[in-house]
Amino acid sequence: MSDSRQTGTVRVFDTTLRDGEQAPGCSMNPQEKIEVARQLETLGVDIIEAGFPASSPGDLASVKAIAGIVRKCTVAGLCRSLEDDIDAGWEALAGAVSPRIHIFLATSPIHMEFKLKMTPEQVLEQAVSSVRYAKKFCADVEFSAEDAFRSDPGFVCRVFGAVIKAGALTVNFPDTVGYAMPDEFAARIRYVREHTPRIEKACLSVHCHNDLGLATANTIAAISAGANQVECTVNGIGERAGNASLEEVVMGIRVRKDCFGVDTRIDSTKIYGTSRLVSQVTGVKVQPNKAIVGDNAFLHEAGIHQHGVLVRRETYEIMTSESVGIPRTGMILGKHSGRHAFEDRLEDLGLQVDRDTLELVFAQFKDLADKKKVVSDRDIEALVMGASAAAPETWKLDHWAVNTGSALGASGTIRLRHKDERLKTRVSTMKGDGPIDASFKAINRIIGKDPKLELYELGAITGGSASQGETMVKIAWKGRHWNGRGVSTDVLESSIKAYLSAVNAMEWELSLGAEKRG
Ligand code: KIV
Ligand code: ZN
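Everything numeric in this text was worked out from a predicted model, so none of it was measured.

### So, the site of ligand 1
At step 1: Inspection of the region around ligand 1 gives Arg18, Asp19, His102, Phe104, Ser144, Glu146, Asn172, Pro174, Thr176, His207 and His209 as its neighbouring residues.
At step 2: Asp19 has a polar side-chain atom sitting 3.1 Å from an oxygen atom of ligand 1.
At step 3: In the environment of ligand 1, an oxygen atom lies 3.0 Å from a nitrogen or oxygen atom belonging to the side chain of His209.
At step 4: In isolation ligand 1 exposes 260 Å². Once the protein is present, 94% of that is buried.
At step 5: For the shell around ligand 1, the secondary-structure elements that each account for two or more residues are helix 2 (16-20), strand 4 (99-106), strand 5 (141-146) and strand 6 (170-175).
At step 6: Across the shell around ligand 1, the residue classes tally to two nonpolar, six polar and three charged.

See the structure below:
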């Protein structure tokens, strides 16, 4: 494949659901992964790496579900260069409109000697035989030379040449440990282009980590050196310091088209909504000063800047907030707002919901508008995220009450309904170190499990005392982890809802596992 400067386009390979999700604290439940995959399709990525099917039955099931739903982009699954992994990968991907098997094997001296305990010749042989094996199932095979940047450049070119001959259509050059400097990385990509036999038959991809804060810079430098595909994640989430951030790479080359002369298929107006969704489902907040999608990215505080922007926006803005989908400030919604105004606002915010979700969210909006004078955009986003990405409710909150005070100690009473026992409720009252601890203990007593609370974070959706409380929790049980999120004008209720949503994610995943075994 000709280099990106000749084709004019760069493919976007999104690995939010694989490299992103495998980062500590970024796990998503299957329902959330499907939600994110749908959003990535709307965003216009070319390839969605949906997971690592051989890593767990849950991952295999999620990749399979995503492969069955996504229509407009390629769905990839990561596999070690082992036949069992490739079998699992194909089991997950076979139903996709456009499947891709993505195989990786390390090529750096340190990885080959200490991790793989293989010689370079053995690595070369295994790379080729695994690509040949994958080609029996799938025409579209990508090969990644893990830790390519710390590998001998000549050896990487030999491996790339051999796997291309074996049928790999994409060869990926990762800076797995985020060690490269932009000039060096660009020079290496040029070297690979010039020294890899048959490189013109393949797409040359890059995959950069952010350990030195250079993942975006290195990715963009690689584009200027002719890379055809960039691997990145939404909000830059990923192993350790993360991956190259999709929004930064995409807007970097779009805003500076004068430097690169290439573009992507991304609909940039969907960037902000995608960023919010990923932040909501992972529970990982976007730092306020994050480029493109941070809360402050388009705010001007200094008087001199405000004046400049008012006179002419371009004095201090190199792109518009609308171009990345940050909604224009529209009319204020409150309890007198009707369904039309509400639907219009959803559209402005880039939030797409089906009819049933719309009914649910509109009813919740009306409830909220009764409690709060003004319902903010953030409130609306929170309602939509809560309604669309949540796991099915095994347990439904029926009632809660807490008793607390400086002299009293705290107790919490929770009443839940189980989905299979619609008319029956179960109640428990427990004492605890504060009302939240007591309420969580009461939930545990009812569900008959004792998950560990790994994270509890309480924040406000907007400023001011009328703001809704937003709680994020992570729970762990038998070595597995689940996120939960709850929103309410009452912070105790938002905490209870968050804990219960994590419990529901756990119950749902465990029930899927039970179905698989049964
Ligand atoms: O960072 C890396 O090397 C990877 C590969 C598996 C592509 O994530
Ligand atoms: Zn990676």
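So much for the structure itself; the text now carries on.
### Re the coordination of the zinc ion (ligand 2)
At step 1: Coordination of the zinc ion (ligand 2) by the protein comes from Asp19 (OD), His207 (NE2) and His209 (NE2), over a distance range of 2.0 to 2.1 Å.
At step 2: Donor residues for the zinc ion (ligand 2) sit on one chain with the sequence pattern D-x187-H-x1-H. Of this pair, Asp19 sits in helix 2 while His207 sits in strand 7 (residues 203-208), placing them 188 residues apart in sequence.
At step 3: Here Asp19 falls in the buried class, since its relative accessible area comes to 2%.

### Things to note about the domain arrangement of the protein chain
At step 1: The domain architecture assigned to the protein chain consists of domain 1 (8-282), domain 2 (330-388) and domain 3 (395-517).
At step 2: The distance between the C-alpha centroids of domain 1 and domain 2 comes to 37 Å.
At step 3: The partner domain 2 presents five residues to the nine residues of domain 1 that form the contact.
At step 4: Interface area for domain 1 against domain 2, summed over the two sides, is near 680 Å², with a carbon-plus-sulfur share of 46%.
At step 5: Our count for the domain 1 to domain 2 interface comes out at one salt bridge.
At step 6: Across the salt bridge formed by Glu381 and Arg276, the nearest N and O atoms sit 3.0 Å from each other.
At step 7: At the boundary of domain 1 and domain 2, one finds one residue pair in polar contact (both at pLDDT 80 or more).

### Some words on the side chain of Thr107
At step 1: Looking at the element boundaries, Thr107 is found in the loop between strand 4 and helix 6 (109-116).
At step 2: With relative accessibility at 1%, the residue Thr107 sits in the buried group.
At step 3: At a separation of 2.8 Å, a polar atom in the side chain of Thr107 contacts the side chain of Ser151.
At step 4: If near-sequence neighbours (up to four positions away) are discounted, Thr107 is found in contact with Met112, Val123, Ala145, Glu146, Ala148, Ser151, Phe155, Val156 and Val159.

### Some details on the sheet that holds strand 10 (residues 410-418)
By definition, the strands of a sheet pair up through backbone hydrogen bonds, in either a parallel or an antiparallel sense.
At step 1: Ordered in space as 9-10-11, the three strands form an open sheet in which the pairing is antiparallel. At either end of the open sheet lies a strand with only one pairing partner, and these are strand 9 (395-403) and strand 11 (425-432). Across the sheet, the axes of successive neighbouring strands diverge by a mean angle of 20°, strand direction being ignored.
At step 2: In terms of strand pairing, strand 10 meets strand 11 through eight bridges, oriented antiparallel. Bridge assignment links Ile414 to a residue of strand 11, and that residue is Ser428.
At step 3: Packing against the sheet, helix 18 (residues 435-447) makes contact with strand 9, strand 10 and strand 11, and its axis sits at approximately 140° to strand 11.

### What about the environment of Trp477?
At step 1: Looking at the secondary structure, you find Trp477 in strand 13 (residues 469-477).
At step 2: Along the backbone, Trp477 and Lys449 are 28 residues apart, and their C-alpha atoms lie at a distance of 8.5 Å.
At step 3: Residue contacts for Trp477: discarding those within four places in its chain leaves Lys449, Asp450, Pro451, Trp482, Met506 and Leu510.

### Describing the packing of aromatic side chains
The description of an aromatic ring pair rests on the distance of the ring centres and on the angle between the ring planes.
At step 1: Per the stated rule, a full pass over the model turns up eleven aromatic pairs.
At step 2: Geometrically, the ring pair formed by Phe149 and Phe185 is tilted, given 6.0 Å between the ring centres and 50° between the ring planes. Taken together, the residues span a long stretch of sequence, with Phe149 in the loop between strand 5 and helix 8 (153-165) and Phe185 in helix 9 (residues 182-195) at a distance of 36 residues. Accessibility assignment for this pair places Phe149 and Phe185 in one class, buried.
At step 3: Members of the aromatic cluster, each reached through a chain of ring pairs, are Phe149, Phe173, Tyr179 and Phe185.
At step 4: Above the ring of Trp477, the side-chain terminus of Lys449 is found at 5.7 Å from the ring centroid.

### Thoughts on the pairing of strand 13
Two faces, one strand: in a regular strand the side chains alternate between the faces of the sheet.
At step 1: Burial of strand 13 is extensive: eight of the nine residues sit out of reach of the surface.
At step 2: Pairing analysis gives eight bridges linking strand 12 (residues 452-460) to strand 13, with the strands arranged antiparallel. By the bridge assignment, Lys452 is partnered in strand 13 with Ala476.
At step 3: As paired elements, strand 13 and strand 14 (residues 480-488) share nine bridges and run antiparallel to each other. Across the sheet, Gly469 pairs through a bridge with Ser488, a residue of strand 14.

### A short note on the layout of surface pockets
At step 1: Space inside the largest pocket adds up to approximately 1200 Å³.
At step 2: What lines the largest pocket is a set of 44 residues, and nearest its centre among them are Gln364, Gly386, Glu393, Val487 and Lys497.
At step 3: Every element with two or more residues in the lining of the largest pocket is listed here: helix 3 (30-43), helix 13 (271-282), helix 16 (355-371), helix 17 (377-389), strand 9, strand 14 and helix 19 (491-517).
At step 4: Looking at the lining of the largest pocket residue by residue, the class counts come to 16 nonpolar, 18 polar and ten charged.
At step 5: In this structure, the second largest pocket spans a volume of roughly 840 Å³.

### Some words on the pattern of salt bridges
At step 1: With the rule as written, the count across this model stands at 33 salt bridges.
At step 2: For Asp85, the salt bridge is made with Arg80, and the minimal N-O distance between the two is 3.0 Å.
At step 3: Overall, the relative accessible area of 3% leaves Asp85 in the buried class.
At step 4: Linking Arg254 and Asp263 is a salt bridge whose minimum nitrogen-to-oxygen distance equals 3.0 Å.
At step 5: Judged by relative accessible area, which is 22%, Arg254 ranks as partly exposed.
At step 6: Using a relative accessible area of 17% as the deciding quantity, one classes Asp263 as buried.
At step 7: Within this structure, Arg18, Asp19 and Glu49 form a network of salt bridges that share partners.

Procedures and definitions
- Residues numbered from 1 in each chain as written.
- Chains lettered and ligands numbered in written order.
- Predicted model: local features only at pLDDT ≥ 70, side-chain atom pairs only at ≥ 80, totals over all residues.
- Heavy atoms only, no water.
- Near = heavy atom within 4 Å.
- Polar contact = N/O pair within 3.5 Å; in protein donor to acceptor, adjacent residues only side chain to side chain.
- Areas by Shrake-Rupley, 256 points an atom, 1.4 Å probe, with all protein chains shown as cover.
- Helix = DSSP H or I, 4+ residues; strand = E, 2+ residues; numbered from the N terminus.
- Nonpolar A, V, L, I, M, F, W, Y, C, P; charged D, E, K, R; others polar.
- Donors = N, O, S within 2.8 Å, 3.2 Å for Na, K, Ca; no water.
- Buried < 20%, exposed > 50% of the residue type's maximum accessible area, 1.4 Å probe, protein only.
- Domains from an automatic or database assignment.
- Contact = heavy atoms within 4.5 Å.
- Buried area = accessible area lost by both parts, 1.4 Å probe.
- Salt bridge = Lys/Arg side-chain N within 4 Å of Asp/Glu carboxyl O.
- Pairing = 2+ DSSP bridges.
- Axes fitted to C-alpha atoms, helices over the stretch in contact; angles between N-to-C directions.
- Phe/Tyr/Trp six-rings, centres within 6.5 Å; stacked < 30°, edge-to-face > 60°.
- Lys NZ or Arg CZ within 6 Å of the ring centre and 35° of its normal.
- 1 Å grid on protein atoms, 1.4 Å probe; cavity = no way out; pocket = protein on both sides within 12 Å on 5 of 7 lines; lining within 4 Å.
- Points joined across faces, edges and corners; volume = space filled by probe spheres on them.

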